[in-house]
Number of protein chains: 2
Amino acid sequence: MAVSNIRYGAGVTKEVGMDLQNMGAKNVCLMTDKNLSQLPPVQIVMDSLSKNGISFQVYDDVRVEPTDGSFMDAIEFAKKGAFDAYVAVGGGSTMDTCKAANLYASSPHSEFLDYVNAPIGKGKPVTVPLKPLIAVPTTSGTGSETTGVAIFDYEHLKVKTGIASRAIKPTLGLVDPLHTLHMPCQVVANSGFDVLCHALESYTAIPYSMRSPCPSNPIQRPAYQGSNPISDIWAVHALQIVAKYLKRAVRNPDDLEARSKMHLASAFAGIGFGNAGVHLCHGMSYPISGLVKTYKAKEYNVDHPLVPHGLSVVLTSPAVFTFTAQMFPERHLETAGILGANIRTARIQDAGLVLADALRKFLFDLNVDDGLAALGYSKDDIPSLVKGTLPQERVTKLAPRAQSEEDLSALFEASMKLY
Amino acid sequence: MAVSNIRYGAGVTKEVGMDLQNMGAKNVCLMTDKNLSQLPPVQIVMDSLSKNGISFQVYDDVRVEPTDGSFMDAIEFAKKGAFDAYVAVGGGSTMDTCKAANLYASSPHSEFLDYVNAPIGKGKPVTVPLKPLIAVPTTSGTGSETTGVAIFDYEHLKVKTGIASRAIKPTLGLVDPLHTLHMPCQVVANSGFDVLCHALESYTAIPYSMRSPCPSNPIQRPAYQGSNPISDIWAVHALQIVAKYLKRAVRNPDDLEARSKMHLASAFAGIGFGNAGVHLCHGMSYPISGLVKTYKAKEYNVDHPLVPHGLSVVLTSPAVFTFTAQMFPERHLETAGILGANIRTARIQDAGLVLADALRKFLFDLNVDDGLAALGYSKDDIPSLVKGTLPQERVTKLAPRAQSEEDLSALFEASMKLY
Ligand SMILES: NC(=O)c1ccc[n+]([C@@H]2O[C@H](COP(=O)([O-])OP(=O)(O)OC[C@H]3O[C@@H](n4cnc5c(N)ncnc54)[C@H](O)[C@@H]3O)[C@@H](O)[C@H]2O)c1
Ligand SMILES: NC(=O)c1ccc[n+]([C@@H]2O[C@H](COP(=O)([O-])OP(=O)(O)OC[C@H]3O[C@@H](n4cnc5c(N)ncnc54)[C@H](O)[C@@H]3O)[C@@H](O)[C@H]2O)c1
Ligand SMILES: [Fe+2]
Ligand SMILES: [Fe+2]
C-alpha cells in the first residue's frame, strides 16, 4: 500500500508555483486540453507560475480520451522542451498524457511499447528517474492524481490499454474543489460513475492474499494487488460519498458542498483502486470505448466520436455484479445498502440482483443512456467486444470470479439494455 | 496529506532482505532493544538479511522510552558504522531511536538540538538526504512506522520532546501481525491506549482550515496540519477497531484476529495523526512520563522507573475531552458512541461527559491504574506537570480549546483519580 501525496482545499492550486520553486524547477511544462486552456484552473496555474518567476511552456493539445498517437505528440513536445518539471491541469485525459510525456522524455531511448502493459506492450519495469509532476484534477472521476496509471486508446487494435508503474505516480496532487464548478453536468455524471466503479470494483476484487502468482520479490509485484484492509477503507468511504452527493453534484453546478465531496471521493477511490485494482467493468470498458462508432457524448465539446470513460465502465456494472456476487456476496449486499437498497430483508443469495437493481435505479435517476444499444452497439458487435476484453487480464483476473468467453459474451449482451 | 508506505500481512517481515537488496543496501544497521533481540521478530529479520547476503550489525541498546542520552549512543553507533540502510525492529522506542540515528549520521555536523522541536530545540528543517529505513513494528501503538516523528525524554529538563520532519518518515513499514503474538498483555494494553488517543485527539483536533499561522509557502507548514477529511477517515476507522478488538487483544495472547486488527489500527491511527496531529493528552503526557518517580510498569522488563507512553496519554483523557467538548461536541459524542456509549438519548451539551464516562468504563474494564495518583503523583506535582506542558505547544495549540495555566492545573487535578 503506497504513498500518494495530495493536498486538498479550496484555493490550493494557487500554491503550485511555490511548490515548483521548492522542487527547484526552472523550466516547466504545463499540459492541458483545449477546453480547459480557456478556463480559470489553467489561468490560476499560469498566474502562480509567473508570480514565482518560473518559466513554462503550455501544451494544450491533449486529446480527450487519449490515443497512442496523441500520447506520442505530447511526448515529442516534452522531449523538445527538456523540462525539469510538469504540471497537468485537467481530467484523466490530461493527467495521463502528462505522465506518459514525463516517462518517455525521461527515457528517450525507449520504444513506445516498452512500458505499455503486456500482452499488448512489453510491460518493462521503469528504472529511469522521472521529473516531478504535479497533477491538478479538474474532473471528479479518475483519481489519476493518486495513481501510477496512464490509459490510452491503442488505435490500430481499437482497444484501450495503458501504462502502469509506481514510477509515474504524480509527485503531488492538488485537489482543489473550486475547479469542479466549471465542470459540465455530463462530465460530473460520467466522471462520478468512474468513481462509483473504482470503489465497487476495488472493494469486490479478489483479496490480496488470494491473488496469484505472488512473485516472491516485492519489487516484481504488480501495482494492482487485490483488495486489502486499507484499500477497503478508501473504497467504502468513496462509495458513501457517491451515494450521498453524486446526484446533487450533477444536478446543481453551484452545489459546492456536493461537488467538493465528489472531488475528494475521486482521490479516495483512486488511492483505493490504485493499490487494489479494478476488474470487469473496467476490463470490458476498454473495447467499449475503443470500438466507438458515431456516439458523441453530450457536453464534451470534442470533434471526434467518444464514449466517455465513466459511461463505458458503468453501463456493464449491473450485469457484472450480478455475475460476480457468487463470491463475496456480503460485500455485494453491503455496497447495495450503501447505494440505498433496503438490504434488511434481502437474502444473501440475491446479493448480485439487489446490487444490480440499486445500480439501475441510480443510473435511471440520472438519465443515463439505456445500455450499450443506446451507444450504437448491437449483438453483432459482441464478438469484437469480447475479443477486446481478453487482453485486459491485468484487470480481469482480479475479478472475484473467472470468466470464459461465453461469460463475457453474456455480460455484454445483458448490458445492451438496462431498464 | 501524505500516505505512508506500508506492507501488511502475516509473514511480510521475511521479505525485508529482498527489500533491502532492491534498495541496493550492502551494509545495514539493525536496531532493536534487549528484550526483542531474544525474540522471533529479530531472528526472522536476521535470517532474511543473511539469506540475501546482506552484511549487518546489530545495535540492541535501544532504551525503552528513549532519552537524549540513549539517542546519542545510538547515533554514535550509526556514525561509526557508515551504514547504507537501517532496519528497526521493535516498538516506538526502537523505531524512534533508529530514525534519530539515521538523521544525525546523515547530518554529521549538526548539533543534537538543531533538529529538536522548538522551543526546546532549534527545529531546523532537514535538508540532508537520509538513508532508507525499514520499520518493523512489534507493538500495536505508536504507528511510528508511518510517521515523521521521533520522541525522547530530554533528561535535564525532565520532559519529553521530539523531532518532527517528513524526512525521517520510514521508507517502508512492514506491518506483520505475527509479531504481536509475543507482546506481553500490558504492552498490548498500553500501546492500544496510544492508538485510542491518537484517534481521539486527531479527530477532535482543530480543523486544518482553522490552524494558524498558515505559512504561505507549503514547505514551511508543520507536519501536524489539524484534522482534515482524510485523517478523519483513519481516525474513525482506528477507533472502531480499538472499540471492537482491544479488550480481546489484551485478554487473550492467542487471539490472532484481535491482535492483527490492533496492529493495523496502530498504522491507521498513525497515518491519521501523522498528518493531523495530536493535542492535549499527548501534550500533558510528556511531563507525566518525564517526571516519573518510582513507578515501574508491569511486564516492561526494564531496569528504570517508567510510565509507558500509552498509559501516560490515556490517564488524562477523561478530563481532557470533558474540557474540549465545548468545541465540536458532535465529534465528541460520535466517538463516545463508537466506544459503546448509548448516545441516542444523550444531549449534545453533555458530549464531553458522555465521552469521559465511556473512557472511564473502558479503562476500568481493563484494570487500568486509578489515575495519576496511582502512579505516585500528588497535588504538589501539579505545578511542575503544568510547567512541563507549556513548551509542548506544537501539539497543545492543536487542541480545539485554548488552555490557560489554570486550565492545565485543573486538568491534571481531575486526572489524579478516575473511578
Ligand atoms: N490514470 C488513471 O488512474 C485513470 C483512471 C480512470 C480513467 N482514466 C482515464 O481518464 C480519461 C477520462 O478522464 P476524465 O473522466 O477525467 O475526463 P477528461 O479528462 O477526458 O475530460 C472530459 C471533458 O471534460 C472537460 N473538462 C474537464 N474538467 C473540466 C472543468 N473543470 N471544467 C470544464 N470542462 C472540463 C474536458 O475538457 C473534456 O472535454 C480516460 O482516458 C480514462 O481511461 C485514467
Ligand atoms: N514516533 C511516533 O510517532 C510516536 C508516537 C507515539 C509514541 N511514541 C513513542 O514510542 C515509545 C513507546 O513505544 P511502544 O509503546 O511501541 O513501546 P516500546 O517500544 O517502548 O516497548 C515497550 C516494551 O515492550 C517490549 N516489546 C515490544 N514489542 C514486543 C513484542 N512483540 N514481544 C515482546 N516484547 C515486546 C519492549 O521490549 C519494551 O519492553 C515512547 O517513547 C513514545 O513516546 C512515538
Ligand atoms: Fe476508471
Ligand atoms: Fe502516542
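Residues numbered from 1 in each chain as written. Chains lettered and ligands numbered in written order. Predicted model: local features only at pLDDT ≥ 70, side-chain atom pairs only at ≥ 80, totals over all residues. Heavy atoms only, no water.

**Overview of the coordination of the iron ion (ligand 4)**
Residue and element names in this part refer to chain B. Coordination of the iron ion (ligand 4) by the protein is provided by D194 (OD), H198 (NE2), H282 (NE2) and H309 (NE2), with metal-donor distances spanning 2.1 to 2.2 Å. Of note is the iron ion (ligand 4), whose four donor atoms meet at the metal with angles of 83 to 168° in an arrangement that counts as irregular. Within one chain, the residues serving as donors to the iron ion (ligand 4) are arranged as D-x3-H-x83-H-x26-H. Highlighted residues: D194 and H198, both in helix α5 (residues 185-204), separated by four residues, approximately one helical turn. No difference in accessibility class separates D194 from H198, as the two residues are buried. (Donors = N, O, S within 2.8 Å, 3.2 Å for Na, K, Ca; no water. Tetrahedral: all angles 85-135°; square planar, octahedral: opposite > 155°, others 65-115°. Helix = DSSP H or I, 4+ residues; strand = E, 2+ residues; numbered from the N terminus. Buried < 20%, exposed > 50% of the residue type's maximum accessible area, 1.4 Å probe, protein only.)

**Considering the sheet that holds strand β3 (residues 55-62) of chain B**
All names here are of chain B. The strand order across the open sheet formed by six strands is β1-β8-β5-β4-β2-β3, and the pairing between neighbours is parallel. Of all the strands in the sheet, just β1 (6-8) and β3 have a single pairing partner and so form its edges. For this sheet, the mean angle separating the axes of adjacent strands, direction not counted, is 20°. Across the sheet, helix α4 (residues 92-105) lies against β2 (27-33), β3, β4 (85-90) and β5 (133-137), angled at about 165° from β4, the strand it touches most. (Pairing = 2+ DSSP bridges. Axes fitted to C-alpha atoms, helices over the stretch in contact; angles between N-to-C directions. Contact = heavy atoms within 4.5 Å.)

**Some details on the site of ligand 1**
Residue and element names in this part refer to chain A. The environment of ligand 1 is made up of 30 residues, and the closest members are D33, G92, S93, T138 and T139. One of the side-chain nitrogen or oxygen atoms of T139 is found 2.6 Å away from an oxygen atom of ligand 1. Here a nitrogen atom of ligand 1 sits 2.9 Å away from a polar atom, N or O, in the main chain of H182. For ligand 1, whose free accessible area comes to 870 Å², the fraction covered by protein is 98%. At the level of secondary structure, the elements contributing two or more residues to the shell around ligand 1 comprise α4 (92-106), β6 (149-154) and α5 (185-204). Along the lines of polarity and charge, the residues of the shell around ligand 1 split into 11 nonpolar, 13 polar and six charged. (Near = heavy atom within 4 Å. Polar contact = N/O pair within 3.5 Å; in protein donor to acceptor, adjacent residues only side chain to side chain. Areas by Shrake-Rupley, 256 points an atom, 1.4 Å probe, with all protein chains shown as cover. Nonpolar A, V, L, I, M, F, W, Y, C, P; charged D, E, K, R; others polar.)

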